[in-house]
Amino acid sequence: MADRAVAVVTGAANGLGFGLVSSLVARNMSVVIADINREALSSAEQRLRAEDADVLAVRTDVTKSDSVEELAASTLDRFGRVDVVCLNAGVSMRGRAWELALADWRWIYDVNLFGVVHGVRAFVPALLKANAGHVVITASNSAVTALPALAPYVSSKHAVVAVAESLQHDLRGAGSDVRVSVVLPGAIRSAMADAVRNRPAEYGRASVSEDLARASRAYLDRFGADPREMADDILRHALDEHRFCIFTDPADAAMLVAHTEALRVGELPPVIAPVSQEVQ
């Protein structure tokens, strides 16, 4: 069994995922990095090895339960333990709710929601056995509001927050000390604008305007937060302060108040653009 703590991160090859990996390495943890993009995963592994990190790279398709189970098995086979599980993989597509194809909805839900479900089912039993550890789930600041042309993404992130809440209650009900944190990040520099390039063939081809993708890349490059800085803050709140809900920008919490108040009085919640309004 590994002498030091072991962390697993999905969607680890870039953006917040790689930021989390780098931050976990700085905490002297061994890391298991998982991503569907084989090339990007290999590049991330090489960068980490160049810094003498103890790293295992496992290509993983979080939409497949078997793939995530193999990730868990590989982690335990290599290290004999797991201490932190960051369920971070996520994708998005823009389009009106009735215009997006059913395959688009399924792809986004399979990654954003069922990627979390598969991670919970694959890793929580090992955490329960040790009666220790932490599950860190990436949602989005859009999970506390409604945004036009992003129905699958936003609704999947609402669901992810609910899963995290129920999971923590279930763990407490089982008498477990395993902790859960859910992160609602704002915009971050990442490859999210190009996520459709890694879409499995079974979901069919997606039609994405190159102009829209280019604009999204430019927005994230200009206004997105630094992934490592954001990751450092997230892990401090989660692992050190044991915070359940983590906003990367405290101003985003105001969206939750306005959203809930509108529902309380029977009104349609207004479209409140997050402080950083590009999706995560």
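Parameters at a glance
Residues numbered from 1 in each chain as written. Predicted model: local features only at pLDDT ≥ 70, side-chain atom pairs only at ≥ 80, totals over all residues. Heavy atoms only, no water. Helix = DSSP H or I, 4+ residues; strand = E, 2+ residues; numbered from the N terminus. Contact = heavy atoms within 4.5 Å. Areas by Shrake-Rupley, 256 points an atom, 1.4 Å probe, with all protein chains shown as cover. Salt bridge = Lys/Arg side-chain N within 4 Å of Asp/Glu carboxyl O. Buried < 20%, exposed > 50% of the residue type's maximum accessible area, 1.4 Å probe, protein only. Pairing = 2+ DSSP bridges. Axes fitted to C-alpha atoms, helices over the stretch in contact; angles between N-to-C directions.

## Points about the overall build of the protein
Within the protein, the regular secondary structure consists of nine helices and seven strands. For the protein, the proportion of contacts with a sequence separation of at least 24, taken over those separated by at least 6, is 73%. With an accessible surface of roughly 12900 Å², the protein has 50% of that area assigned to carbon and sulfur atoms.

## Brief notes about the pattern of salt bridges
Counted under the stated rule, the structure contains 14 salt bridges. D104 serves as the salt-bridge partner of R199, at 2.7 Å between the closest nitrogen and oxygen. Of this pair, R199 sits in the loop between strand 6 (179-184) and helix 7 (210-223) while D104 sits in helix 4 (residues 102-112), and the two are 95 residues apart along the sequence. Among the salt bridges present, the one from R236 reaches D233, with a minimum N-O distance of 3.2 Å. Remark: D233 and R236 occur in helix 8 (residues 227-240); sequence separation between them is three residues, near one turn of the helix. On the accessibility criterion, R236 (34% relative accessible area) is partly exposed.

## Focus: the environment of V178
Along the chain, V178 turns up in the loop between helix 6 (151-173) and strand 6. Sequence separation between V178 and K129 is 49 residues; the distance between their C-alpha atoms is 10.0 Å. In this structure V178 touches L127, L128, N131, A132, G133, Q168 and L171, once residues within four positions along its chain are discounted.

## Some details on the sheet that holds strand 6
What the seven strands build is an open sheet, ordered 3-2-1-4-5-6-7; its pairing is parallel. This sheet does not close on itself; its edge strands, each paired only once, are strand 3 (55-59) and strand 7 (245-247). Ignoring strand direction, the axes of neighbouring strands in this sheet form an average angle of 15°. Sheet analysis places strand 5 (residues 134-138) next to strand 6, joined by five bridges and oriented parallel. Pairing of T138 across the sheet is with V183, part of strand 6.

## Some remarks on unusual backbone geometry
A positive phi angle, close to 50°, is found at N131, a residue other than glycine. Looking at where N131 falls in the secondary structure, it is placed in the loop between helix 5 (114-130) and strand 5. Although it is not a glycine, A149 adopts a positive phi angle of roughly 65°. Mapped onto the elements of the fold, A149 is located in the loop between strand 5 and helix 6. The exposure class assigned to A149 is partly exposed, which follows from its relative accessible area of 32%.

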